Amino acid sequence: MASIADYYAGKNVLITGATGFMGKVLVEKLLRSCPEVRTLYLLVRPKAGQSMQERVSDMMKCKLFDRVREDNPDFHQKIVPISSELTQPALAISPEDVERLTSCVNIIFHCAATIRFDEPLKHALQLNVIATQQLLSLAQQMHHLQAFIHISTAYANCNRRHIDEIIYPPPVEPKNLLSAPELRRPNTYTYTKALAECVVQRESSKLSIGIIRPSIVGASWQEPFPGWIDNFNGPSGVFIAAGKGILRTMRANNDAVADLIPVDVVINLTLAAGWYTAVHRPKAALVYNCTTGGINPFHWGEIEHHVMSSFKRNPLEQAFRRPNANITSNYLMNQYWVLVSHKFPALIYDLYLRLSGQKPQMMRIFNRLHKAIGLLEYFSSQDWEWNSENMNMLMSHLSPEDRKTFNFDVRQLNWPEYIENYCIGTKKYVLNEDMSDIPAARQHLRKLRNIRYTFNTLLLVFIWRVFIARSQMARNIWYFVVSLCFKFLSYFRASSTLTN
Ligand SMILES: CCCCC/C=C\C/C=C/CCCCCCCC(=O)SCCNC(=O)CCNC(=O)[C@H](O)C(C)(C)COP(=O)(O)OP(=O)(O)OC[C@H]1O[C@@H](n2cnc3c(N)ncnc32)[C@H](O)[C@@H]1OP(=O)(O)O
Ligand SMILES: NC(=O)C1=CN([C@@H]2O[C@H](COP(=O)(O)OP(=O)(O)OC[C@H]3O[C@@H](n4cnc5c(N)ncnc54)[C@H](OP(=O)(O)O)[C@@H]3O)[C@@H](O)[C@H]2O)C=CC1
C-alpha cells in the first residue's frame, strides 16, 4: 500500500482554519512531510485590515515554517489563498473559485471554528454548524473529492462520562435549534460542535468522511520542534498567568486526568485519517477520539507541580510575584485564596499605581483571569473516558516508516519533559521572551523574594507593636507560643543527638 506521503503526492488539498493554531501546524506538516503535494487551497478571510494574501504571507514567515523553509525555500508556491468568509452565504467564495475548487480538490480538512466558550449562540451556530453545512454542500459538488475530514472536539459529548467513537444523537434536532429550551452542554462551543457532528453525518451522502475529536490541544511534542504554541487558549493562558505569579489559585481536581494532547500528535493523526479515509473509503464516517487519558494518563495535580517547577527554573520576565499556584477542588478554600492572593494584592497594587500617577490595571487583569478560569474549571474539575479503538486501528494500518513520520503514539510521551517544553514554549513563542534573559529573570525573582521577606518582617513588627506590646493577654499567648517553639527545637536537637 502507498505510504501516506505517496498518497498526498500530486493531490490538491482544501483547508479551512489554516490561519489558526491547528491549521498552521497542518499546513506545515503537509509541506514538510508530503513535499510532493500539489496545491494547498486555504480558505482565508481578510482580517484586521490585512488582505488574505498578506495574512498568508505573514503566516509563512513565522518560526513554525523554519524547517520547511530550509528544505524548500519555494514552499509558498504550493499555497493558494482563497477568499472566504465562512459566516456568509456560500462561504463568500467567488463563482470562479467555486469552479476551480470543484474541479480539482481531492481532500478537505475542515478546521475552522469559533472555539470561544462565551461565543453568542447565534454566531457559534453560524460558524460551527451552518458553515460546516455549506462546506459539505460545496464538497458534494467536487468531481474528484476522496475524503472530507472534520475536526470536532473530544468534549462535544461532555454530557456523557464515557464517550465512544460514534456520532451521538444531537442535543437538539437542528430544525428546532432556535426554540431549544437549553444547551445541555456547559457552553455554546461544545453544544455547536456536537450539532456539527450530526450535520456532517446527515449531509455527507456520497462523501468519505472522517471525524477527529482532539481533547485539550497543547504545545507541540516533537515537531516541527518541541513546545511550539501560539495562543493563550486552554491551559496555555493559565500556565502563563501562573508563571507570571498572577494566578495563585484555581479550582481543579488534583486527581482528575488532564487530557492534554500535543498539537503535532493531532495533526499526524488527522493526516493519517485523511489517507485512510481516501484509500479505504469506509462505508460510514469513522470517528477518532484523539486523547491521552486512557493510554498515558497525567493528572492536574502533576501538571501543577511540573508547571511550577519549570517556571521556577525558567522564569518569565517581569513576574508580578514568584510563581506559586495551587489548585484545589474545595470551593470555599479557593474563594478564600482568591480573596487573599488575588483580589487583596490587586487592590494594594492598583492603589500604588494610582498614587504613583499610573493607570490601575491589576484588578482588571484578575477579573479577566477569573472569567477565563471560571469557564475552564468545568474541564479541569472532572474527567472523562474516551474509547480509542479507531485511533489504534488506524495506527495498526500504518507502515513502520509512517508510524515514525506521522507519530501519534502517545504511549511514548514523557509528560514532565513535555510540560517543561510547553512552559518554555509559552515563554519563547507566545510571550516572545529571549532565553538568554533568564539570569535577569531569576534575579528579578530573588528581588521579589526579598521584598516578600521584608514585607513579612514589617507585618510581624506591626502586629507586635499594635497587639502584643499593648495587651497582657496577647503577650501571654506570644510567650506561650515562643516557649513551645523553643521546647520543640530543644527536643528535636536532643533526639537528633541521640540518634547520631
Ligand atoms: C499552574 C497550574 C495549572 C493547572 C490547571 C491548568 C489548566 C486548567 C485549564 C483547563 C483547560 C481546559 C480546556 C478544555 C477545552 C476543550 C478543548 C477545546 O475543545 S477548544 C479549545 C479551547 N478553547 C479555549 O480555550 C477558548 C477559551 N477562551 C475563551 O473562551 C475566551 O478567551 C475567554 C476565556 C472567554 C476570555 O474571553 P475575553 O474576551 O475576556 O478575552 P479574549 O480571549 O478576547 O482575550 C483578550 C486578550 O487577552 C489575551 N488573553 C486571553 N487569555 C489570556 C490569558 N489567560 N493570559 C493572558 N492573556 C490572555 C488574548 O490574547 C487577547 O489579547 P488581544 O486582545 O491582544 O488579542
Ligand atoms: N485548540 C484546542 O484545544 C482544540 C481545538 N479543537 C478544534 O480544532 C479546530 C481548530 O482549533 P484552533 O486551531 O485551536 O482554533 P483557532 O481559533 O486557533 O483557529 C480558528 C480558525 O478558524 C478560522 N475562522 C474563524 N472564524 C472564521 C470565519 N468567520 N471565516 C473564516 N475563517 C474563520 C480562523 O480564521 P481567522 O484567523 O481569520 O480568525 C482560524 O483560522 C476547531 O474546529 C476546534 O473546535 C478541538 C479540540 C481542542
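Sequence positions are assigned chain by chain, starting from 1 and proceeding in written order. All chains are assigned letters beginning with A, and all ligands numbers beginning with 1, in the order in which they are written. Restriction of local features to residues with pLDDT of at least 70 applies here, the model being predicted, together with a cutoff of 80 or more for giving and counting side-chain atom pairs; totals for whole chains, interfaces and linings are based on all residues. The basis for every side-chain value is the complete set of heavy atoms in the structure, and neither hydrogens nor water enter the calculation.

## What to know about the site of ligand 2
Here a residue is considered near a molecule or strand provided that any single heavy atom belonging to it is located within 4 Å of it. The local shell around ligand 2 holds 25 residues, among which Thr19, Arg45, Arg55, Glu85 and Tyr189 are the closest. Here a polar contact is taken to be a pair of N or O atoms separated by no more than 3.5 Å, where protein atoms must pair a possible hydrogen donor with a possible acceptor and residues adjacent in sequence count only if both atoms sit in side chains. Interatomic distance of 2.7 Å between a side-chain N/O atom of threonine 19 and an oxygen atom of ligand 2. Taking tyrosine 189, its side chain carries an N or O atom lying 2.6 Å from an oxygen atom of ligand 2. Contact with the protein chains removes 88% of the 900 Å² of surface that ligand 2 exposes when unbound. Every helix listed is a DSSP run of H or I at least four residues long, and every strand listed is a run of E at least two residues long, numbered separately from the N terminus. Among the secondary structure elements, those contributing two or more residues to the shell around ligand 2 are helix H2 (21-33) and helix H7 (188-202). In these tables, accessible area is a Shrake-Rupley quantity obtained with a 1.4 Å probe, and a residue counts as shielded only by the protein chains included in the view.

## Remarks on the pairing of strand S4 (residues 107-110)
Exposed residues in this analysis have more than 50% of their type's maximum accessible area, buried residues have under 20%, and partly exposed residues fall in between, with area computed by a 1.4 Å probe over protein chains only. Of the two faces of S4, the one holding Ile107 and Phe109 and the one holding Ile108 and His110 are both buried throughout. When DSSP finds two or more bridges between two strands, those strands count as paired. The pairing of S4 with strand S5 (residues 147-151) spans 4 bridges and is parallel. The residue of S5 that forms the bridge with phenylalanine 109 is isoleucine 149. We call a crossover right-handed when, viewed with the strands running away from us, the connection from the first strand over the helix to the second turns clockwise. Assessed by its sense of winding, the connection that carries the chain from S4 through helix H6 (residues 121-140) to S5 is right-handed.

## Here we look at the UniProt feature "transmembrane region" (unreviewed entry) in the chain
According to UniProt, the positions carrying the feature "transmembrane region" (unreviewed entry) are residues 453-471 and 477-494. Taken end to end, residues 453-471 has its terminal C-alpha atoms 26 Å apart, with 84% of it in helix and 0% in strand. Secondary structure content for residues 477-494 is 100% helix and 0% strand, while the C-alpha to C-alpha distance between its ends is 26 Å. UniProt positions are given in the numbering used here, feature names are shortened, and annotations may be inferred rather than shown by experiment.

## Points about unusual backbone geometry
Cis geometry is adopted by the peptide bond preceding proline 224, which originates at glutamate 223 and carries an omega value of 0 degrees. If you trace the backbone, proline 224 turns up in the loop between strand S8 (216-218) and helix H8 (235-243). The phi dihedral of alanine 90 falls on the positive side, at around 55 degrees, and the residue is not glycine. You can see alanine 90 is positioned in the loop between strand S3 (79-83) and helix H5 (95-104).

## Looking at a nonpolar patch on the surface
Residues enter patches when their relative accessible area tops 30% and they take part in no salt bridge; the joining distance is 9 Å for like charges and 5 Å for the nonpolar side chains Val, Leu, Ile, Met, Phe, Trp and Tyr. A carboxyl oxygen of Asp or Glu within 4 Å of a side-chain nitrogen of Lys or Arg is what we treat as a salt bridge. A grouping of Phe455, Leu459, Leu460, Phe462, Ile463 and Phe467 is seen on the molecular surface, where their side chains present a nonpolar patch of about 610 Å² in accessible area. Structurally, phenylalanine 455 can be placed in helix H16 (residues 438-468).

## Considering the site of ligand 1
The local shell around ligand 1 holds 27 residues, among which Arg116, Phe117, Thr153, Tyr189 and Gly234 are the closest. Within the side chain of tyrosine 189, a nitrogen or oxygen atom sits 2.9 Å from an oxygen atom of ligand 1. Here an oxygen atom of ligand 1 and a side-chain polar atom of arginine 368 are 3.5 Å apart. Bound to the protein, ligand 1 loses 75% of the 1,400 Å² it would expose on its own. Put simply, Ala, Val, Leu, Ile, Met, Phe, Trp, Tyr, Cys and Pro go in the nonpolar bin, Asp, Glu, Lys and Arg in the charged bin, and everything else, Gly too, in the polar bin. Residue composition of the shell around ligand 1, by class: 17 nonpolar, 5 polar and 5 charged.

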